[in-house]
Amino acid sequence: MSTTSTAPANSRSRVITASLIGTTIEFYDFYAYATAAVLVFPVLFFPSSDPTASLLASFAVFGAAMVARPIGAVVYGHFGDKYGRKATLVASLLTMGIATFLIGCLPTINAIGFWAPALLLVLRLAQGFALGGEWSGAALVATENAPAGKRAWYGTFPQLGAPLGFIIANGLFLFINFALPAEDPSQKSDAFLEWGWRVPFWFSAVMVIVGLWVRLKLVESDAFKNAESKGTIRKLPVLEAFRKYWWQMILGTFLMLATYVLFYLMTNFTLTFGTKPQTLPEGADPSTFVPGQGFAYTDFVIMQIVGVVFFGIFTMISGPLADRFGRRKTLIWVTAAIVLFGFTFSFFLMPRENPVGAGTFWMTLAFLVIGFTLMGLTFGPMGALLPELFPTNVRYTGSAIAYNVSSILGAALAPIIALALLSTGAGNPWLVGIYLSVMAVLTLIAAILMRETKDSDYAGDAGEIVPEPLP
């Protein structure tokens, strides 16, 4: 007598690798721009006599990509829910990779004038459009192939792409900055400004090739095949999502809000504030000058990378916690901690010595470690939580829209609001912390209102079976 067993459609290693490597590449590309938006784009694409105005213009283009993300969510969500996850994920990866590579090829404003920032904006919008479809597809690959009881654990692997992408992008910028030093460590060398900053953008091409090789080996999940066999696939998934699951999309948007605001404050804002000079630079306008902490760029990025290591560790820890205690309870406790963390900004970031001394260093490092730890604990469960709010036939669309609309409310506005609040506080970041706490309260309300999704019938819930009208 012989028995046969059916192997899973996608092996565990293939699922983990495909979900992890794609988001790592996507977040790497995104962070490469975020770092350049602080270091070089204000000088090369948005020069001005007012450094704050240049930085705000650079951040405005950075934020513009967030507007494109919901559009990408609708487009990629449509194809992902109608035709499958695999081809959609390949398309999003290609779009992101090509846009990032071309940013590294752009001439600056001194070479082609207005066209330089205009083309940068177009490519930045393409980045946002691609990221709008990437995250949800990767989360679905992980969670729709997860063993029973381990969905949140598997869902942390695409989330791990965020800290890994950050470390790789900033580590590469850091290496190039060391390799092309300037006489004044507070400035960038001519070689760095001419071509060094382009290398991280070109390097993305190598990563994209690896990602494509892995993703092309995927096959569709049993959950999607089940939806196809039951006839629940809709012609226009986005209409189905808005008509029947609008509340879940609103809830998911606010569930992600604190996560986005916290992350962009811990990356963009802290890098800006940490590396701003403490005293008025020669030639700067005293009426617009806002003091910072005065760290050298390389020192502060190393501190951020240390913090992001904790981000990665606690992202992985959050999965088993959410599988054991539930998504709702885990998120409520972590979000409450983020509310309290917002009240500590002045305590950790204001004690400053000029030049920077050990006290400022250790207080800032502690701030980064605590903030990134909370980031891992809140971001990790989202890989399972947001998709669990929707049935299979609109899961890509619904989770992508919620995730990316939240990026507008949180990530797109956070750097600009933070700079404005820092200026209002005359260099004291207490208002920035209050802003984080207020956004976290909104997330806390959403977490209290949500239902627990840990034990939902993820694979079996294919959506409502409604026959399509006969032609």
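Placed above this text is the structure.
Here the structure is a predicted model, which means the values were calculated and not measured.

Conventions we followed
- Residues numbered from 1 in each chain as written.
- Predicted model: local features only at pLDDT ≥ 70, side-chain atom pairs only at ≥ 80, totals over all residues.
- Heavy atoms only, no water.
- Core = buried A, V, L, I, M, F, W, Y, C linked by side-chain atoms within 4.5 Å.
- Buried < 20%, exposed > 50% of the residue type's maximum accessible area, 1.4 Å probe, protein only.
- Contact = heavy atoms within 4.5 Å.
- Patch = residues over 30% accessible without salt bridge, like charges linked within 9 Å, V, L, I, M, F, W, Y side chains within 5 Å.
- Areas by Shrake-Rupley, 256 points an atom, 1.4 Å probe, with all protein chains shown as cover.
- Salt bridge = Lys/Arg side-chain N within 4 Å of Asp/Glu carboxyl O.
- Helix = DSSP H or I, 4+ residues; strand = E, 2+ residues; numbered from the N terminus.
- Phe/Tyr/Trp six-rings, centres within 6.5 Å; stacked < 30°, edge-to-face > 60°.
- Lys NZ or Arg CZ within 6 Å of the ring centre and 35° of its normal.
- Polar contact = N/O pair within 3.5 Å; in protein donor to acceptor, adjacent residues only side chain to side chain.
- 1 Å grid on protein atoms, 1.4 Å probe; cavity = no way out; pocket = protein on both sides within 12 Å on 5 of 7 lines; lining within 4 Å.
- Points joined across faces, edges and corners; volume = space filled by probe spheres on them.
- Axes fitted to C-alpha atoms, helices over the stretch in contact; angles between N-to-C directions.
- Parallel < 35°, antiparallel > 145°, perpendicular 65-115°, else oblique.
- Left-handed = near helix turned anticlockwise from the far one by under 90°.
- Expected span 1.5 Å × (residues − 1).

**Student:** Break down the nonpolar core for me, citing the residues and quoting the values.
**Tutor:** Grouped together as the largest cluster of nonpolar side chains are 131 residues, with contacts concentrated most on F41, W197 and L255. Sequence-distant contacts of L255, defined by excluding residues within four places in its chain, comprise L331, M382, L385, L389, T443, A446, A447 and M450.

**Student:** Mind laying out a nonpolar patch on the surface, listing which residues take part and the relevant values?
**Tutor:** A contiguous nonpolar patch, built from F178, I302, V306, V309, F310, I313, I317, L321 and F325 and spanning about 710 Å² of accessible area, is present on the exposed surface. At eight residues, helix α14 (residues 297-325) tops the list of elements feeding residues into the nonpolar patch. Mapping F178 onto the fold places it in helix α7 (residues 151-179).

**Student:** Account for the packing of aromatic side chains, with residues named and values stated.
**Tutor:** For the coordinates displayed, the defined rule picks out 29 aromatic pairs. When the centroid spacing of 6.1 Å and the interplanar angle of 55° are considered together, the rings of F311 and F379 count as tilted. Here the residue F311 occupies a position in helix α14, and F379 occupies one in helix α17 (residues 358-379), the gap between them amounting to 68 residues. Of the two residues, F311 and F379, neither departs from the other in class, the shared state being buried. Here R395 stacks its cationic end above the ring of Y458, 3.7 Å away from the centre of that ring.

**Student:** Account for the side chain of T23, naming residues and giving values.
**Tutor:** Position of T23 relative to the elements: it lies in helix α1 (residues 12-39). Reaching out from T23, the side chain makes a polar contact with the backbone oxygen of S19 at a distance of 3.0 Å. Leaving out residues up to four positions away in the same chain, T23 has contacts with E134, A138, F157, P158, G161 and R215.

**Student:** Can you explain the layout of surface pockets? Please cite residues and give values.
**Tutor:** Unfilled space is identified by rolling a water-sized probe across the atoms. Of the volumes computed, that of the second largest pocket is approximately 220 Å³. Contributing to the lining of the second largest pocket are 16 residues, with A146, P147, A148, R151 and Y458 lying nearest its centre.

**Student:** Tell me about the packing of helix α12 (residues 246-255) against helix α21 (residues 430-449), and name the residues and values.
**Tutor:** Where α12 meets α21, the axes come as close as 8 Å, and the angle between the chain directions of the two elements is 135°. With respect to their mutual orientation, α12 and α21 come out oblique. As for the relative orientation of α12 and α21, their crossing is left-handed in sense. Mapping the contact onto sequence places W247, L251, F254 and L255 in α12 and L442, T443, A446, A447 and L449 in α21.

**Student:** Before we move on, could you go through the environment of R69 and cite the residues and values that matter?
**Tutor:** Here R69 shows up in helix α3 (residues 51-83). With 334 residues separating them in the primary sequence, R69 and Y403 have C-alpha atoms 9.1 Å apart. When neighbours within four sequence positions are excluded, R69 is seen to be in contact with F30, G128, F129, L131, G132, Y260, Y264, Y403, N404 and S407.

**Student:** Mind laying out α21, listing which residues take part and the relevant values?
**Tutor:** Between its first and last C-alpha atoms α21 spans 29 Å; for 20 residues at 1.5 Å apiece the expected length is 28 Å, and the two agree. Among the residues making up α21, those that are buried are L431, V432, G433, Y435, L436, S437, M439, A440, T443, L444, A446 and A447.

**Student:** Quick one: what's the story with the pattern of salt bridges, residue by residue and with numbers?
**Tutor:** Per the counting criterion, the structure on display carries 11 salt bridges. With a closest N to O distance of 2.8 Å, R85 and E144 form a salt bridge. Of this pair, R85 sits in helix α4 (residues 85-103) while E144 sits in the loop between α6 (115-143) and α7, and the two are 59 residues apart along the sequence. When the shortest N-O distance is used, the salt bridge between R234 and E240 registers 3.9 Å. Judged by relative accessible area, which is 10%, R234 ranks as buried. The class for E240 is buried, based on a relative accessible area of 2%. Because the salt bridges share partners, they merge into one network encompassing D81, R85, E144 and R395.

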